[in-house]
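In case you want the letters, here they are:
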Amino acid sequence: MSALLPTNPSCAPYPLVPPGTSQAGEGLALQREQVTIAIAVAVAFGIIVWDYFLLLPNEVALYMNANRQLLRTPTTIFFIVLRYSGVLATLPPIFFTSAQSQHCQVAVVLSQVGACLAVLSSGAIFCFRIHAMWYGSGKVLVLIAVVYASMASCWIAVATQYNASTGPPTPIGSNCIMHPITSWAPLSFGSSVLFDATVLVLTLARLPRDLAQKSHVGSQIFRDTLVYFTLTATTNIVVLSIQALGDAHAMLKPTVVPFSTVMIVTMGSRVYLNLKLLHQKRQDSAAVGGERIPLSIASSDRNKSISSGESTIRTVKQRGYSHEGREATSGKVRAELVLEAEV
């Protein structure tokens, strides 16, 4: 048995475990768990990097765009933050799960900062999409803002509970000692599920019945957005379900967390590109005098509504009802401003 122990007396014979556990009894089991978690983290990081290079031409085209105002829009800023927060969330865990490190707590903090930035930037892009889809409805804006703020608070609160200590060198794996996490840690994923469900319900509630017949491009964009929202919500529901399992599945819980970050980053990026495509199609269509690409209702229906509003304004002015005329004009201007502000 002594031949299996490291010859360097400064090395711990087993992967380190939190205080209060049996070193000899749980060392081998913890070793297997660390290897599994390290593989999951490495796979998640690999997917993030692959997706980063996959979308790199789109990002470069964004920087080279002649319209410099596009770079200053909120959705573009959130998109850039989202692109790099995924790397920040998945790279540091490699060091405290599979490598020797003297800065375990720093790696944990950086990982949590990246995870929070990914969740918040992706959620913000989703909020802008819903806001534009509902033409700036005040009630919808308040609802999605409250749910988003709740999700942000939960993720930040849980992130502050992650801690790690630096232990002596180990022959394999990491020398970082992860401290036990609080029992209410799944609250972060619960808040994400609530946010994703709200976004999905608002999207379905806005589902136009005749969009496919009015505009092929608008219909395709809407369907793609719905798919992105659905995949994000499904992933967070699965992760939350696993996080809520008992101690018998303790080894499974950490392995699924990185893949939630993967879906948040990849789907959030594609929702932004979806909005950018819609904006570009509108500009191209307007340049040739064609029909404007619809956001969530058919262009003809919206034009009919605007025409009807203009007719109503003329009628109201003739009758002297200036108050109603101002309301109709304000409604038309607000709808046009929301459409232009979506990207």
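Residues numbered from 1 in each chain as written. Predicted model: local features only at pLDDT ≥ 70, side-chain atom pairs only at ≥ 80, totals over all residues. Heavy atoms only, no water.

(A) View of the overall build of the protein chain. Looking only at helices and strands, the protein chain has twelve helices and two strands in total. The order of helices and strands in the protein chain, counted from the N terminus, is α-α-α-α-α-α-β-β-α-α-α-α-α-α. Within the span of the protein chain, comprising 343 residues, buried residues form 43% of the whole. Restricting the contact set of the protein chain to residue pairs at least 6 apart, pairs at least 24 apart contribute 75%. Total accessible area computed for the protein chain in this model is approximately 17,300 Å², and 66% of it derives from carbon and sulfur atoms. (Helix = DSSP H or I, 4+ residues; strand = E, 2+ residues; numbered from the N terminus. Buried < 20%, exposed > 50% of the residue type's maximum accessible area, 1.4 Å probe, protein only. Contact = heavy atoms within 4.5 Å. Areas by Shrake-Rupley, 256 points an atom, 1.4 Å probe, with all protein chains shown as cover.)

(B) The side chain of Ser 191, seen in detail. Note on placement: Ser 191 falls in helix α7 (residues 187-205). Residue classification places Ser 191 among the buried positions, given a relative accessible area of 8%. Ignoring sequence-local partners within four residues, the contact set of Ser 191 consists of Ser 150, Met 151, Cys 154 and Trp 155.

(C) Layout of the pattern of salt bridges. This model, assessed by the stated rule, comprises two salt bridges. Across the salt bridge formed by Asp 51 and Arg 270, the nearest N and O atoms sit 2.7 Å from each other. Note that Asp 51 is positioned in helix α1 (residues 23-54) and Arg 270 in helix α10 (residues 253-287), a separation of 219 residues in sequence. Assigned by exposure class, Asp 51 and Arg 270 land together as buried. Put simply, Arg 83 and Glu 59 hold a salt bridge, and the shortest N to O gap is 2.8 Å. (Salt bridge = Lys/Arg side-chain N within 4 Å of Asp/Glu carboxyl O.)

(D) How the structure looks around the nonpolar core. In terms of nonpolar packing, the biggest core is built from 46 residues, with Tyr 148, Trp 155, Phe 195, Val 199 and Phe 229 touching the most fellow members. Contributing elements (two or more residues each) for this core: α1, α3 (74-90), α5 (104-133), α6 (138-159), α7, α9 (216-243) and α10. Each residue touching Trp 155, except ones within four places of it in the same chain, is listed here: Ala 115, Cys 116, Val 119, Ser 188, Phe 189, Ser 191 and Ser 192. By size, the runner-up hydrophobic cluster in this structure holds six residues, among which are Cys 104, Ala 107, Val 108 and Ala 164. (Core = buried A, V, L, I, M, F, W, Y, C linked by side-chain atoms within 4.5 Å.)

(E) Quick look at α7. When the terminal C-alpha atoms of α7 are compared, their 27 Å separation across 19 residues agrees well with the 27 Å that a helix rising 1.5 Å per residue should span. Among all positions of α7, only Ser 188, Phe 189, Ser 191, Ser 192, Val 193, Phe 195, Asp 196, Thr 198, Val 199, Leu 200, Leu 202 and Thr 203 are buried. (Expected span 1.5 Å × (residues − 1).)

(F) Broad picture of the packing of aromatic side chains. Within this structure, the stated rule accounts for seven aromatic pairs. Look at Tyr 52 and Phe 53: their rings are 5.3 Å apart centre to centre, the planes differ by 85 degrees, and that puts the pair in the edge-to-face class. Among the residues examined, Tyr 52 registers a relative accessible area of 16% and is labelled buried. The exposed category is assigned to Phe 53, whose relative accessible area is 54%. (Phe/Tyr/Trp six-rings, centres within 6.5 Å; stacked < 30°, edge-to-face > 60°.)

(G) Inspection of the environment of Leu 82 at higher detail. Residue position: Leu 82 is located in helix α3. Put simply, Leu 82 and Gly 268 are 186 residues apart on the chain and 7.6 Å apart in space, counted from C-alpha to C-alpha. When near neighbours in sequence (up to four residues on either side) are disregarded, Leu 82 contacts Ala 118, Ser 121, Ser 122, Ile 125, Ile 264, Val 265, Gly 268 and Ser 269.

(H) Highlighting the confidence of the model for the protein chain. Residues with a pLDDT of 70 or more make up 67% of the protein chain, whose mean pLDDT is 75. Contacts of residues 1-25 to residues separated by more than four positions or lying in other chains number 40 contacts, the stretch itself having pLDDT below 50. Across residues 290-343, confidence stays below pLDDT 50; counting only partners more than four residues off in sequence or on other chains, it has 76 contacts. (pLDDT = per-residue confidence, 0-100.)

(I) Summary view of the side chain of Thr 261. Turning to its location among the elements, Thr 261 is positioned in helix α10. By relative accessible area, which is 11% here, Thr 261 ends up buried.

(J) Focus on unusual backbone geometry. Non-glycine residue Tyr 135 carries a positive phi angle of around 55 degrees. For Tyr 135, the position within the fold is in the loop between α5 and α6. With a relative accessible area of 10%, Tyr 135 lands in the buried category.

(K) Representation of α5. Its 30 residues place the ends of α5 44 Å apart at the C-alpha level, agreeing with the 44 Å of an ideal helix rising 1.5 Å per residue. Among the 30 residues of α5, 22 are classified as buried, and the element is accordingly described as predominantly covered. Taken from the residues just after α5, Tyr 135 is the one with a positive phi, measuring 55 degrees.

(L) Here's a closer look at the packing of helix α2 (residues 56-63) against α3. One way to put it is that α2 packs onto α3 with a least axis distance of 12 Å and a crossing angle of 140 degrees. Pair α2 / α3 crosses with left-handed handedness. Residue-level inspection shows Leu 56, Glu 59, Leu 62 and Tyr 63 of α2 in contact with α3, the latter providing Thr 76, Phe 79, Ile 80, Arg 83 and Tyr 84. (Axes fitted to C-alpha atoms, helices over the stretch in contact; angles between N-to-C directions. Left-handed = near helix turned anticlockwise from the far one by under 90°.)

(M) Looking closely at a nonpolar patch on the surface. Taken together, the side chains of Val 35, Ile 39, Val 43, Ile 47, Trp 50 and Leu 54 define a hydrophobic patch exposed on the protein surface, amounting to about 550 Å² of accessible area. For Val 43, the location among the structural elements is in helix α1. For Val 43, a relative accessible area of 40% translates into the label partly exposed. (Patch = residues over 30% accessible without salt bridge, like charges linked within 9 Å, V, L, I, M, F, W, Y side chains within 5 Å.)

(N) The packing of α5 against α7, seen in detail. At a minimum axis separation of 10 Å, α5 and α7 run at an interaxial angle of 20 degrees. Comparing the axis directions of α5 and α7 gives the class roughly parallel. Helix-helix and strand crossings are classified by hand; for α5 and α7 the assignment is left-handed. Residues Val 119, Gly 123, Phe 126, Cys 127, Ile 130 and Met 133 of α5 form the contact with α7, whose participating residues are Ser 192, Phe 195, Val 199, Leu 202 and Thr 203. Considering only residue class, the contact of α5 with α7 consists of eight nonpolar, three polar and no charged. (Parallel < 35°, antiparallel > 145°, perpendicular 65-115°, else oblique. Nonpolar A, V, L, I, M, F, W, Y, C, P; charged D, E, K, R; others polar.)

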